[in-house]
Amino acid sequence: MSSIIWADIPVKDLERAMHFYSKILNAQFRQRSSDSPIAVFEHRPGQVSACLFTSEHEQPSREGVIVYWNVEGRLKAAEALVPGCGGTILRSTHAIEPFGYRSVVLDSEGNRLALHSQAL
């Protein structure tokens, strides 16, 4: 059986992207320096997570894979924060029966993502 274990999210401006995700998802980060700096979403061992990174080879995109982020019970509130944090709402909150609700947005860097909740 397959499952998602990690997501790399390319960004143009690491600080701006960290601000976006910290506000929308209430996320915390651990920054690491390597060839290019990355910000790893705080997580427990064995928990699915992701990182924000800059790269000359990989760029943000509104095409392709959509990562669904859990904003359980606060979907409309999270969606309302998107424009003020530099993002764009592509498709406002709507049902995806029988899987709950989602809002499809662009993050501050131009990546498409979904905010998801079982309940409004």
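The shown structure was predicted, so the numbers you read here are calculated from the model rather than taken from an experiment. Residue numbers run consecutively from 1 along every chain, following the written order of its sequence. A pLDDT threshold of at least 70 governs which residues receive local features in this predicted model, and a stricter bar of 80 or more applies before side-chain atom pairs are shown or counted, although totals over entire chains, interfaces and linings include all residues. Only hydrogens and water are removed before side-chain values are computed, so all heavy atoms of the structure are retained for them.

Trainee: Explanation requested: unusual backbone geometry in the structure shown.
Mentor: In terms of backbone geometry, most residues other than glycine have negative phi values and most peptide bonds are trans. The amide bond that connects Glu-97 to the next residue, Pro-98, takes the cis arrangement and shows omega of 0°. Looking at the secondary structure, you find Pro-98 in the loop between β6 (88-95) and β7 (101-106). Phi is positive for Asn-26, which is not a glycine, with a value near 55°. Elements are defined by DSSP. Helices are runs of H or I of four residues or more, strands are runs of E of two residues or more, and each kind is numbered from the N terminus. As for its position among the elements, Asn-26 is in the loop between α1 (14-25) and β2 (29-32).

Trainee: How should the packing of aromatic side chains be read in this particular structure?
Mentor: Working definition: an aromatic ring pair is given by the centre-to-centre distance plus the angle between the planes. A pair of Phe, Tyr and Trp rings is counted when the ring centres sit within 6.5 Å of each other, with Trp represented by its six-membered ring. The angle between the planes then sorts it: under 30 degrees is stacked, over 60 is edge-to-face, the rest tilted. The final tally for this structure, using the stated rule, is 5 aromatic pairs. Aromatic side chains Phe-20 and Tyr-21 sit 5.2 Å apart centroid to centroid with 75° between the ring planes, which places their arrangement in the edge-to-face category. For the pair Phe-20 and Tyr-21, one class covers both residues: buried. Members of the aromatic cluster, joined through ring pairs, are Phe-20, Tyr-21, Phe-29, Phe-41 and Trp-69. The cut-offs for exposure are 20% and 50% of the maximum accessible area for each residue type, with area from a 1.4 Å probe on protein chains only; residues under the lower value are buried, those over the upper are exposed, and the others partly exposed.

Trainee: I would appreciate a short explanation of the nonpolar core in the present structure.
Mentor: Soluble globular proteins tend to pack their nonpolar side chains together in the buried interior. Working definition of a nonpolar core: buried Ala, Val, Leu, Ile, Met, Phe, Trp, Tyr and Cys residues. They are joined through side-chain atoms within 4.5 Å. If you look at the biggest cluster of nonpolar residues, it comprises 25 residues, and the most contacted ones within it are Tyr-21, Leu-25, Phe-41, Leu-52, Trp-69 and Leu-115. Among the elements that take part in this core, α1 stands out by supplying 7 residues, more than any other.

Trainee: Hey, could you run me through the pairing of strand β4 (residues 49-53) in this one?
Mentor: Taken across its 5 residues, β4 has 5 buried, putting it largely inside the fold. The side-chain alternation of β4 yields two buried faces, one formed by Ser-49, Cys-51 and Phe-53 and the other by Ala-50 and Leu-52. A strand pair is defined by DSSP finding two or more bridges across the two strands. By the bridge criterion, 5 bridges tie strand β1 (residues 6-10) to β4 in an arrangement that is parallel. Following the sheet pairing, Pro-10 is matched in β4 by Phe-53. Strand direction decides the pairing type here: strand β3 (residues 38-41) and β4, joined by 3 bridges, are antiparallel. In the sheet register, Ala-39 faces β4, and the bridge partner there is Leu-52.

Trainee: How should I be thinking about the sheet that holds β3 in this particular structure?
Mentor: In any sheet, the strands associate via hydrogen bonds between backbone groups, in a parallel or an antiparallel arrangement. Strand order in this open sheet of 4 strands is β1-β4-β3-β2, and the pairing throughout is mixed. Each edge of the open sheet is held by one strand with a lone partner, namely β1 and β2. Averaged over neighbouring strand pairs, the angle between their axes works out to 25° when direction is ignored. Here a residue-residue contact requires only that any non-hydrogen atoms of the pair lie within 4.5 Å. Orientation is described by lines fitted to C-alpha atoms, with helices fitted over the stretch in contact, and by angles between N-to-C directions that extend from 0 to 180 degrees. Running over the sheet, α1 touches β1, β2, β3 and β4 and is turned about 165° from β2.

Trainee: Help me out: how do you make sense of the side chain of Ser-103 in this one?
Mentor: The residue Ser-103 is located in strand β7 in this model. Under this definition, polar contacts are N or O atom pairs within 3.5 Å; protein pairs additionally need one hydrogen-donor-capable and one acceptor-capable atom, and for neighbouring residues in sequence, both atoms have to be side-chain atoms. A distance of 3.4 Å separates a polar atom in the side chain of Ser-103 from the backbone oxygen of Arg-91.

Trainee: Mind showing me how you'd approach the sheet that holds β7 here?
Mentor: Taking strand neighbours across the sheet as the criterion, the 4 strands line up as β5-β8-β7-β6 in an open arrangement whose pairing is mixed. Single-partner strands in this sheet number two, and they are β5 (67-70) and β6. Neighbouring strand axes in the sheet, compared pairwise and without regard to direction, differ in orientation by 25° on average. Where α1 meets the sheet, it contacts β5, β7 and β8 (112-117), and its direction lies at approximately 15° from that of β8.

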